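Residues per chain, in single letters:
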Amino acid sequence: MSGSRITAVGHYQPARVLTNEDLAGRVDTSDAWITSRVGIRTRHIAGPDEPVDELAAHAAAKALAAAGRAPAEIDLVLVATSTAIDRSPNMAARVAARLGMPGPAVMDVNVVCAGFTHALATADHAVRAGGAHRVLVIGADKMSEVTDWTDRTTCVLVGDGAGAAVVEAAGPGAENGIGPVLWGSVPEMGNAVRIEGTPPRFAQEGQSVYRWATTRLPEFARRACEKAGLTPEDLAAVVLHQANLRIVEPLARRIGAVNAVVARDVVDSGNTSAASIPLAFSKLVEQGAVSSGDPVLLFGFGGNLSYAGQVVRCP
């Protein structure tokens with residue numbers, strides 16, 4: 001069994017930016033109300049002619065270019081999303097078609113906000129078992145399409161975007177670049193975060209999620225570090241699901257990653273669901289906030305109520 005590593009990342013966001021002031025013209029809210037409660041100032045919103053697979057393909061193309069890989073070299077495509085409208089063809093197949101891939105295995109992963117870290121673990125397992133050699137892992141969501149824009153408790157939270165990573169075999173004797181996953185769920189709290197109905201609409205029990213995330217997740221995150229043979233103090237960066245700045249900041253403190261850069265992309269991008277972790281991680285890499293080989297904790301949580309996290313080495 002060979003280990004795996006992330007060789008490159010990429011991200012994409014639609015051009016249109018929606019500010020808090022813009023939202024204040026739609027619903028009973030204000031910039032001060034939004035920033036004090038969730039810390040978000042802007043978010044990117046896709047247009048009606050920008051489907052989820054287009055967002056995903058843009059991010060994937062950037063990751064492939066950064067890795068120096070052609071689409072034909074990918075043998076497995078995994079797309080984490082909860083906003084696919086059609087059941088078939090799945091999002092991974094649509095992305096493969098957009099990129100001109102000749103015949104990869106294609107699977108979608110729907111674990112909502114924890115989708116990317118679940119998909120990344122699946123890619124790692126596939127490489128380790130010899131089922132794949134190069135995997136394209138994408139988190140992409142168009143939350144604006146499942147949002148009630150008259151509901152000020154949810155419409156202020158969401159944004160659209162995509163992030164991607166190229167995962168490859170680490171090679172004989174090379175250090176594993178993706179640590180063991182720590183994952184699970186809380187089935188009895190499955191209704192705390194929902195996208196359901198006809199048409200589907202995003203809803204959540206915000207206080208329940210906040211209490212669970214800030215009290216239970218620090219222990220899970222520390223266990224993910226232990227599985228990788230590290231302590232939180234060893235981390236160079238922490239990239240949590242960008243749900244709400246009031247969750248991200250206290251959670252990062254309680255993990256004990258005192259030397260780590262903490263991703264705060266939620267301020268500029270809002271909650272982009274499965275896209276939030278790869279989007280924030282790719283921006284840290286692009287900005288030079290982390291260096292190649294640095295240990296970074298990725299930890300997703302949210303719908304179902306599911307969670308998954310692992311320590312990865314920065315590409």
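Look a little higher up for the structure.
Q: What am I meant to see in the overall build of the protein chain here?
A: For the protein chain, the count of helices and strands is ten helices and 14 strands. Relative to the compact-globule value of 20 Å for 315 residues, the protein chain shows a C-alpha radius of gyration of 18 Å, a close match. By principal-axis analysis of the C-alpha atoms, the protein chain measures approximately 60 × 45 × 40 Å. Counting across all 315 residues of the protein chain, residues that qualify as buried make up 58%. For the protein chain, contacts bridging at least 24 residues in sequence account for 76% of all contacts bridging at least 6. If you sum the accessible surface of the protein chain, you get close to 12100 Å²; carbon and sulfur atoms cover 48% of it. A gap of 3 Å separates the mean positions of the 28 positive and 32 negative side-chain charges of the protein chain.

Q: For this particular structure, what's the right way to read the environment of Ala224?
A: Along the polypeptide, Ala224 turns up in helix α7 (residues 206–227). The spatial distance from the C-alpha of Ala224 to the C-alpha of Gln310 is 5.5 Å, given a sequence separation of 86 residues. Excluding residues within four positions of it along the chain, Ala224 makes contact with Leu182, Leu297, Phe299, Gly309 and Val311.

Q: Is there a simple way to explain the sheet that holds strand β11 (residues 237–240) in this structure?
A: Within a sheet, neighbouring strands are paired by backbone hydrogen bonds and run either parallel or antiparallel to one another. On the basis of which strands lie adjacent, the open sheet formed by five strands has the order β8-β14-β13-β11-β12 and mixed pairing. In the strand order of this sheet, the two ends are held by β8 (182–185) and β12 (261–262), each with one partner. One ladder, built from two bridges, connects β11 with β12; its direction is parallel. Within β12, the position partnered with Ala237 by the bridge is Val261.

Q: Where do I start with the packing of α7 against helix α8 (residues 245–255) in this structure?
A: Angle between the axes and distance between the axes: these two values describe a pair of packed helices. Two elements in contact, α7 and α8, have axes whose closest approach is 9 Å; the angle formed by their N-to-C orientations is 35 degrees. Both α7 and α8 take part in a crossing whose hand is right-handed. Across the interface between the two elements, Tyr210, Ala213, Thr214, Thr215, Leu217, Pro218, Ala221 and Arg222 of α7 pack against Arg246, Ile247, Pro250, Leu251, Arg254 and Ile255 of α8. Counted by class, the contact of α7 with α8 contains nine nonpolar, two polar and three charged residues.

Q: When you look at the packing of helix α3 (residues 52–67) against helix α4 (residues 91–99) in this model, what are you seeing that I'm missing?
A: Look at α3 against α4: their axes get within 9 Å of each other, and the N-to-C directions meet at 55 degrees. The orientation of α3 with respect to α4, classified from their angle, is oblique. As α3 packs across α4, the resulting crossing turns out to be right-handed. Of α4, the residues touching α3 (which contributes Val52, Asp53, Glu54, Ala56, Ala57, Ala60, Ala61 and Leu64) are Met91, Arg94, Val95, Arg98 and Leu99. Tallied by class, residues from the contact of α3 with α4 come to nine nonpolar, no polar and four charged.

About the thresholds
- Residues numbered from 1 in each chain as written.
- Predicted model: local features only at pLDDT ≥ 70, side-chain atom pairs only at ≥ 80, totals over all residues.
- Heavy atoms only, no water.
- Helix = DSSP H or I, 4+ residues; strand = E, 2+ residues; numbered from the N terminus.
- Rg over C-alpha atoms; globule rule 2.2 N^0.38 Å.
- Buried < 20%, exposed > 50% of the residue type's maximum accessible area, 1.4 Å probe, protein only.
- Contact = heavy atoms within 4.5 Å.
- Areas by Shrake-Rupley, 256 points an atom, 1.4 Å probe, with all protein chains shown as cover.
- Lys, Arg positive; Asp, Glu negative; His and termini not counted.
- Charge placed at Lys NZ, Arg CZ, Asp CG, Glu CD.
- Pairing = 2+ DSSP bridges.
- Axes fitted to C-alpha atoms, helices over the stretch in contact; angles between N-to-C directions.
- Left-handed = near helix turned anticlockwise from the far one by under 90°.
- Nonpolar A, V, L, I, M, F, W, Y, C, P; charged D, E, K, R; others polar.
- Parallel < 35°, antiparallel > 145°, perpendicular 65-115°, else oblique.

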